[in-house]
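Summary of the model geometry
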Amino acid sequence: MPTGDREALPAGGAAGLAARYVAWVVRHASVIVLVSAVLGALSALSLLRLRLDVDLLSMLPQGRPRFADYQRYVARFGAQDVAIAVVRATDATQAIRFAAAFEQQLAERPEVRGVRSRVDLAAFAAALHAGALPRLLPLEAHAEVARRLTPEAVDDAVRTLRTALAAPGSVGTAAYLAADPLGLDRLLAEHLARSRPDRALAPGSEYLLSPDGRRLLLLIHPAETGYDLEAAQRFADVLAGAEARAHAASGLGAEVSVGYTGAFAYALEDAALLRTDMTLYSLLALGGVLAVFLVGYRSLALLPLVTWQLVLGTLVTFALGLLVEGRLNAISLAFAVIFYGLGIDAAIHFYTRFLEEWGGTGAIEAPLARTVRGLLPATMVAATTSAVGFVVIALSEFAGIAQLGALTGLGILLNVPATFLLLPA
């Protein structure tokens, strides 16, 4: 903008204060822009520490009995911390061989709490003898059970056991025969083997195999429960490393592959989708408000200044939010879209008032001073009232909603100094 002959600036009162402020801004305009660039760069670096939380349980109010019960329920029965791995091989031998190497590699990692690749037969038998057997027997087996419990069948079973135990070399089988003298365990095993589509409970099998034996299931429990964006990616790296070492240890290459499903796979998918959505919609929101500004004022020269004002306010707000919270919920990141729509209002009012005061010719210092004097009090009151409304939202016990309110309120307040420093500079 042209400077021309300088218009006399007021010396006293609010007008004089605004004039001295504008004169200071004009003298240090280059320094202000440079400092804002450094501040923006430092704030952008803080985003490297961004830890987005997408876990529902962490969003719930803390210290409330009803929510605490729900958190314990989901933590225990929701299987949020299980990564389900499916090993695919050309046959059952290769699948079991690789699974053993994979399980060994995972067991050596502190990030893994445990791995289950087979049925715990001893625990299953103990559960049956502790009372689970009657509940698992199918209705069609009840008649056979009733027949085996008749006095004649019991006497026949006792005679058979005595004969078996009297045979040479039967000492090792005594405990097994005594544990199931009527053969009810075997009756249940036959039913399970017939009714299940896999071979996990087939006689002689303890691995969780598909009917053709080419797929084997592993249940992997991480040391950390729940998945945020960082934890999901970190655990994915652990699994990838263990998988590569298992390939090397087993000597099996491309003929064996591993896929994942369950909460872990969904967490990875959610993480990728959230990153894409947050980036896309934030850019679209910023581009949308700037496009409207450009259409309204037809000024490409001012567009970079308004853009930088909004971006700087967003980065600084993020940095301060991370400094206080340490971790931001995914919902709270919607603050950026809200801030773009509200933050540009101050720039629009500032530029409109300046154009009215300036008239398009002559020096700009006096029009800037009058703009600052006329708009700063009203802008501060408007920003504060909006911020108070969002701070009320920040009182919510739900973490994501509370962070959304706090960040939006903070961003609106920071937008005032950004507007009245960067635009005059």
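Please refer to the structure placed before this passage.
Owing to the predicted nature of the structure, the values given are computational and were not obtained by experimental measurement.

1. Focus: the nonpolar core
Grouped together as the largest cluster of nonpolar side chains are 39 residues, with contacts concentrated most on Leu290, Leu310 and Tyr340. Per-element tally for this core: the top contributor is helix α14 (residues 335–358), with 10 residues. Here leucine 310 is in contact with Leu286, Val289, Leu290, Phe339, Tyr340, Gly343 and Ile344, once residues within four sequence places are set aside. Grouped together as the second largest cluster of nonpolar side chains are 28 residues, Ala83, Phe98, Val112 and Leu209 included.

2. Here's the deal with the packing of aromatic side chains
Counted under the stated rule, the structure contains 5 aromatic pairs. The interplanar angle of 50° and the centroid separation of 6.3 Å between the aromatic rings of phenylalanine 339 and tyrosine 340 together place this pair among those described as tilted. Assigned by exposure class, phenylalanine 339 and tyrosine 340 land together as buried. Ring geometry for phenylalanine 354 against tryptophan 358: centres 5.6 Å apart, planes inclined by 15°, an arrangement best described as stacked. Taken together, the positions of phenylalanine 354 and tryptophan 358, both in helix α14 and 4 residues apart, correspond to about one turn of that helix. With a relative accessible area of 4%, phenylalanine 354 lands in the buried category. Overall, the relative accessible area of 14% leaves tryptophan 358 in the buried class.

3. Observations regarding a nonpolar patch on the surface
Side chains of Leu34, Val38, Leu42, Leu45 and Leu48 sit close together on the surface and give an oily, nonpolar patch of about 530 Å² of accessible area. As for its placement among the helices and strands, leucine 48 is situated in the loop between α2 (29–46) and β1 (52–53).

4. Considerations on the packing of α14 against helix α16 (residues 399–422)
It is the contact of α14 with α16, at a shortest axis distance of 9 Å, that shows an interaxial angle of 25°. In this view, α14 runs roughly parallel relative to α16, as classed from their interaxial angle. Crossing hand, α14 versus α16: right-handed. Residues Phe335, Ile338, Phe339, Leu342, Gly343, Ala346, Ala347 and Phe350 of α14 form the contact with α16, whose own contacting residues are Leu404, Leu407, Thr408, Gly411, Ile412, Asn415, Thr419 and Phe420. Across the contact of α14 with α16, the residue classes tally to 11 nonpolar, 5 polar and no charged.

5. Looking at the environment of threonine 90
Mapped onto the elements, threonine 90 comes out in the loop between β2 (83–88) and α5 (92–107). Here threonine 90 falls in the partly exposed class, since its relative accessible area comes to 45%. For threonine 90, the contacting residues outside a window of four places in its chain are Arg214 and Glu255.

6. Some remarks on the sheet that holds β2
The 4 strands lie next to each other as β3-β4-β2-β5, forming an open sheet whose pairing is antiparallel. Every other strand in the sheet has two partners, leaving β3 (112–116) and β5 (257–261) as the edge strands with one partner each. Going from strand to strand, the sheet's axes swing by 25° on average, the running direction of each strand aside. Along the sheet, α5 makes contact with β2, β3, β4 (215–222) and β5, crossing β4 at roughly 10°.

Thresholds applied
Residues numbered from 1 in each chain as written. Predicted model: local features only at pLDDT ≥ 70, side-chain atom pairs only at ≥ 80, totals over all residues. Heavy atoms only, no water. Core = buried A, V, L, I, M, F, W, Y, C linked by side-chain atoms within 4.5 Å. Buried < 20%, exposed > 50% of the residue type's maximum accessible area, 1.4 Å probe, protein only. Helix = DSSP H or I, 4+ residues; strand = E, 2+ residues; numbered from the N terminus. Contact = heavy atoms within 4.5 Å. Phe/Tyr/Trp six-rings, centres within 6.5 Å; stacked < 30°, edge-to-face > 60°. Patch = residues over 30% accessible without salt bridge, like charges linked within 9 Å, V, L, I, M, F, W, Y side chains within 5 Å. Areas by Shrake-Rupley, 256 points an atom, 1.4 Å probe, with all protein chains shown as cover. Salt bridge = Lys/Arg side-chain N within 4 Å of Asp/Glu carboxyl O. Axes fitted to C-alpha atoms, helices over the stretch in contact; angles between N-to-C directions. Parallel < 35°, antiparallel > 145°, perpendicular 65-115°, else oblique. Left-handed = near helix turned anticlockwise from the far one by under 90°. Nonpolar A, V, L, I, M, F, W, Y, C, P; charged D, E, K, R; others polar. Pairing = 2+ DSSP bridges.

Purely spatial values, then, with no claim about function.
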